[in-house]
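# Examination of the molecular architecture
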Amino acid sequence: CHIFLNDTGLRIYGLFVALDCYGFLWAYASVFASAMAHSFPVLGVDSDYHLYVAGFALIVVPMSFLELSEQAATQVILSGCRILAIALMVATPLAAVVFGSEGAPHFDRQAGSQGAPLIDAANSYKMIPIVAYSVLFHQAVPGLADEMTDKRSIGRIFGLTFALCAVAYILIGVVVSWYFGDLVHASSNLNWAGYHGGTGSYTEDGTLVGVAWWARMISSFVVVFPAIDVLSGYPINAYVLGNSLLGFVHRGDIDRAQGDRTLTAMYRGIASVPPIVGALFVRDLGTITDFSGLTGLAIAFCFPPLLFLASERKLREHGLPSRTYYERFGSSSGGAWAILVFGLLTIVICASFLILNCS
């Protein structure tokens, strides 16, 4: 951005990256506290939420000061647990439809799928920012790639990562919305709090008793694991944000700044603490992701075509060829302008609807 869009472009990009990363961290804190307060009540709804936000801070803020290589073992274990959680969130609603009945429902007393429209264009302004929020990790690529010993495999690894994310999001989005319909929670894993797999029975006062051990395990794992999982996601994103802020502020002397442990720790603190404070005041995950996704739209759809157009213009001004080895389908001025216009229009439309919806 500094080379092709000058200082102004760099500052704007830095602002969007910072807001995007802060949005991730804010959402993680909200997910953890909401899930834990729902599953393990102690004092009361509001008090429990704030209590778990504080507990979350005590765990993740110190972890944010660690290097990525020091977190490797934890990240690998939790990656396997993520795949298991996704599989259970897809398989159990399908099993509830196939094997459940009105007399033996699998989720609370829900007898069958609630259904959902395949397309609801009226709410697309909510979906688009969340999609961008969910699949955007461009700003983390340099830091993650730096830890890889075999740099030749980077393209394949990130390609498979995008494919896996796409399949997982599609399966969860379709199955969960189809089964729970309007009953789905903003944090959809909370719908598994009432999972009993068709086992157990209700007493006269409405208490569910006699639930099989395996159904309790599935219910507890799906409800609690996302809260545990963000314990690993938070430090990674705080690491990325802290390094990004350090790079933006000290770009003229980056080598010395990165070698200064005290300075690095200060920026990790600046990255990891404010989202915790924000989560104390705004806890609704939908609200957080709606607005955080707007910054993701700018990073994904505005800056790449701007860099393409600016770099192509600068090369031509110096009489250099603008074709490169890295060109792919869509590498053209027309394609860049189309993506840029799409990004700008999408941001304006989505922001307008979100603001009107909140007012």
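None of these values were measured; they are calculated from a predicted model.

As a further point, take the overall build of the protein. Counting its secondary structure elements, the protein contains 13 helices and two strands. A compact globule built from 359 residues would reach a C-alpha radius of gyration of about 21 Å, and the protein, at 23 Å, matches this within 12%. Dimensions of the protein along its principal axes, counting C-alpha atoms only, are 80 × 45 × 45 Å. With 359 residues in all, the protein has 41% of them scored as buried. Within the protein, contacts between residues at least 6 apart in sequence are counted, and of these 76% link residues at least 24 apart. In the form shown here, the protein has an accessible surface area of approximately 19500 Å², with 68% of it arising from carbon and sulfur atoms.

Across its 26 residues, helix H13 (residues 333-358) extends 37 Å between first and last C-alpha, which sits within 8% of the 38 Å expected from 1.5 Å per residue. Among all positions of H13, only Ala336, Leu340, Gly343, Thr346, Cys350, Ala351 and Leu354 are buried. Those residues of H13 that are buried are in contact with helix H4 (124-135), helix H11 (285-301) and helix H12 (303-317).

Relative orientation of the contacting elements H11 and H12 amounts to 25°, with a least axis distance of 4 Å. Here H11 is positioned roughly parallel relative to H12, judged by the angle of their axes. Each of Ala298, Ile299, Ala300 and Phe301 in H11 lies in contact with H12, whose residues at this interface are Phe303, Pro304 and Pro305. Residue composition of the contact of H11 with H12, by class: seven nonpolar, no polar and no charged.

A word on the packing of H4 against H11. At a closest axis distance of 7 Å, the pairing of H4 and H11 adopts a crossing angle of 65°. Looking at the two axes, H4 sits roughly perpendicular to H11. Every pair of crossing elements has a handedness; the one defined by H4 and H11 is left-handed. When H4 is examined against H11, the residues Lys126, Ile128, Pro129, Ile130, Ala132 and Tyr133 are found in contact with a partner set consisting of Thr289, Asp290, Ser292, Gly293, Leu294, Gly296 and Leu297. Its residues placed into classes, the contact of H4 with H11 shows seven nonpolar, four polar and two charged.

Another aspect to go through is the nonpolar core. Phe32, Phe56, Trp192, Tyr234, Leu241 and Ile276 are the most contacted members of the largest nonpolar core, which totals 66 residues. By size, the runner-up hydrophobic cluster in this structure holds seven residues, among which are Ala132, Leu297, Cys350 and Ala351.

Next up on the list: the confidence of the model for the protein. Detailed reading of the predicted coordinates is not advisable wherever pLDDT is low. For the protein, the mean per-residue pLDDT works out to 83, and 96% of the residues sit at or above 70. Across the protein, the secondary-structure element scoring lowest on mean pLDDT is helix H5 (residues 141-146), at 74, and the one scoring highest is H12, at 90.

Here we come to the pattern of salt bridges. Enumeration according to the criterion identifies four salt bridges in this entry. Note that Asp260 and Arg256 form a salt bridge whose closest N and O atoms lie 3.9 Å from each other.

Definitions and limits used
Residues numbered from 1 in each chain as written. Predicted model: local features only at pLDDT ≥ 70, side-chain atom pairs only at ≥ 80, totals over all residues. Heavy atoms only, no water. Helix = DSSP H or I, 4+ residues; strand = E, 2+ residues; numbered from the N terminus. Rg over C-alpha atoms; globule rule 2.2 N^0.38 Å. Buried < 20%, exposed > 50% of the residue type's maximum accessible area, 1.4 Å probe, protein only. Contact = heavy atoms within 4.5 Å. Areas by Shrake-Rupley, 256 points an atom, 1.4 Å probe, with all protein chains shown as cover. Expected span 1.5 Å × (residues − 1). Axes fitted to C-alpha atoms, helices over the stretch in contact; angles between N-to-C directions. Parallel < 35°, antiparallel > 145°, perpendicular 65-115°, else oblique. Nonpolar A, V, L, I, M, F, W, Y, C, P; charged D, E, K, R; others polar. Left-handed = near helix turned anticlockwise from the far one by under 90°. Core = buried A, V, L, I, M, F, W, Y, C linked by side-chain atoms within 4.5 Å. pLDDT = per-residue confidence, 0-100. Salt bridge = Lys/Arg side-chain N within 4 Å of Asp/Glu carboxyl O.

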